[in-house]
Amino acid sequence: MTASTSSVLKDSLNKTTFSFDESQRTALFNQVKTQHGLLFAADIKALCAQYTITHDELLRACLPVASLFAVAPISHFLVGAVVVGIDCDDAINFYFGANVEFAKQPLSLVVHAEQSAINNAWLKGAQTIVQIAISDAPCGYCRQFMNELADAEKFDILLPDQQFKLNQLLPHAFGPKDLGNNYSLFNPAPQTQIFEANTDIDTALTKLALTAYVPYTANYCAVKITTFDNGCFYGCYAENAAYSPSLAPLQSAISQLHLAGLSMNDTTVKSIELLQTKGVENQLHVSESVLANYSNLPALIAYSLALIKTC
Ligand SMILES: [Zn+2]
């Protein structure tokens, strides 16, 4: 791939806009897939140097690549999103996301591209979000989902040829503080509980469930999808003050699986486990509905464990 083979387009404002050609896009898609929906700081630096483009030009050019991860059997509308996040080593990475739809299931179960990218950044250890680039204007649901983020007032939202702050897209917003919650996604309340012991459950799953962002129901829960050949994919519950844009842990895990280029089918998926908090379970039926979208998958294994105070 060379810069000379990349296409340079003129948009309506007569600015030059960099975009990858098809073979470059495919190569980058394969790289991101191998890295499970991630471009690391070193990759970003190398790509900017290779194509002689800025960080923001690369970010926008990555949107059509992100949209290749979309699974949209209902709308056939492929949406890509890329979160720019800073990890615990102060490295700036790109976290990809794309929409996931479930045929013959309620539309409310779908994962939007922005949710997918934010979930990807969250699960992969981003500490701060500085930019969210999206291939199309965010819907109201996604604006509300973004309003739950710790950096909601700060990060930039980049569309293909415009840039906004969230308060421009969601004025007079309803958010966590309106429900008396002073915490937020990426800045949760300190965890003061652990699950009761259960040797049947993977400790990675119990650890992840304890990091769920569940200020409204307290149902700390997570999902583990084990594949035959490609390891495990985890998802975690992320709630929202408006309730309906909450991201369920199964959808979170399925989105992660797709970002590795895998599909939910019986030749890929070996088992699916859901861990919930005893007494406040709310994810079993919604998980079963989502799984009804697929045939021949292994039955969902659901656990409920009590929480124990540690201090
Ligand atoms: Zn949306």
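Cut-offs and rules
Residues numbered from 1 in each chain as written. Predicted model: local features only at pLDDT ≥ 70, side-chain atom pairs only at ≥ 80, totals over all residues. Heavy atoms only, no water. Donors = N, O, S within 2.8 Å, 3.2 Å for Na, K, Ca; no water. Buried < 20%, exposed > 50% of the residue type's maximum accessible area, 1.4 Å probe, protein only. Axes fitted to C-alpha atoms, helices over the stretch in contact; angles between N-to-C directions. Helix = DSSP H or I, 4+ residues; strand = E, 2+ residues; numbered from the N terminus. Contact = heavy atoms within 4.5 Å. Polar contact = N/O pair within 3.5 Å; in protein donor to acceptor, adjacent residues only side chain to side chain. Pairing = 2+ DSSP bridges. Phe/Tyr/Trp six-rings, centres within 6.5 Å; stacked < 30°, edge-to-face > 60°. Core = buried A, V, L, I, M, F, W, Y, C linked by side-chain atoms within 4.5 Å. Domains from an automatic or database assignment. UniProt positions renumbered as here; feature names shortened; annotations may be inferred.

**A closer look at the coordination of the zinc ion**
Here is step 1: Protein coordination at the zinc ion: the donors are His112 (ND1), Cys139 (SG) and Cys142 (SG), at 2.2 Å from the metal.
Here is step 2: Mapped onto the sequence, the donors of the zinc ion take the spacing H-x26-C-x2-C.
Here is step 3: Judged by its relative accessible area of 1%, Cys142 is buried.

**Some words on the packing of helix 9 (residues 249–258) against helix 10 (residues 284–291)**
Here is step 1: Between helix 9 and helix 10, the shortest axis-to-axis distance is 9 Å and the interhelical angle comes to 35°. Along its contact with helix 9, which presents Leu250, Gln251 and Ile254, the element helix 10 presents Ser287, Val290 and Leu291.

**Points about the environment of Thr267**
Here is step 1: Its location among the elements puts Thr267 in the loop between helix 9 and strand 12 (269–277).
Here is step 2: Residue Thr267 is classed as exposed on the basis of its relative accessible area, which comes to 60%.
Here is step 3: For the pair Thr267 and Phe228, spaced 39 residues apart in sequence, the C-alpha separation works out to 7.5 Å.
Here is step 4: Here Asn265 takes part through its side chain, which lies 2.8 Å from a polar atom of the side chain of Thr267.

**Here's the deal with the sheet that holds strand 7 (residues 156–159)**
Here is step 1: As summarised here, the arrangement of the six strands in space is 3-5-4-6-7-8, forming an open sheet in which the pairing is mixed. The two strands at the open ends of the sheet, each matched to only one other strand, are strand 3 (38–39) and strand 8 (162–165).
Here is step 2: Relative to strand 5 (residues 92–98), strand 3 runs antiparallel, the two sharing two bridges. Residue Leu38 lies in a different strand from strand 5, and its bridge partner there is Tyr95.

**Focus: the packing of aromatic side chains**
Here is step 1: Scanning the model with the defined rule gives six aromatic pairs in all.
Here is step 2: Their ring planes at 75° and their centres at 5.2 Å tell us that Phe20 and Tyr51 sit as a pair that is edge-to-face. On the criterion of sequence distance, the pair formed by Phe20 in the loop between strand 2 (16–19) and helix 1 (22–34) and Tyr51 in helix 2 (residues 41–51) is long-range, its members being 31 residues apart.
Here is step 3: When the centroid spacing of 4.6 Å and the interplanar angle of 55° are considered together, the rings of Phe29 and Phe69 count as tilted. Taken together, the residues Phe29 in helix 1 and Phe69 in the loop between helix 4 (63–67) and strand 4 (80–86) connect sequence positions 40 residues apart. Side by side, Phe29 and Phe69 carry an identical accessibility label, which is buried.

**A few points about the nonpolar core**
Here is step 1: Judged by nonpolar contacts, the single largest core of 70 residues is most densely connected at Ile118, Met264 and Ile272.
Here is step 2: Here the element with the most residues in this core is helix 5 (residues 113–123); it accounts for five residues.
Here is step 3: No fewer than three residues from each of domain 1 (32–175) and domain 2 (193–309) sit in this core.
Here is step 4: Not counting residues within four places of it along the chain, the set of residues in contact with Ile272 comprises Val223, Lys224, Ile225, Leu250, Met264, Leu291, Leu297, Pro298, Ala299, Leu300 and Ile301.
Here is step 5: The next biggest cluster of nonpolar side chains, apart from the first, holds 28 residues, and it includes Phe18, Phe20, Leu28 and Phe94.

**A short note on the UniProt feature "domain: CMP/dCMP-type deaminase" (unreviewed entry) in the chain**
Here is step 1: In the numbering used here, UniProt assigns the "domain: CMP/dCMP-type deaminase" (unreviewed entry) feature to residues 54–177 and 196–311.
Here is step 2: Segment residues 54–177 splits into 27% helix and 23% strand. End C-alpha atoms: 37 Å apart.
Here is step 3: Helix makes up 22% of residues 196–311 and strand 25%. Its end C-alpha atoms lie 15 Å apart.

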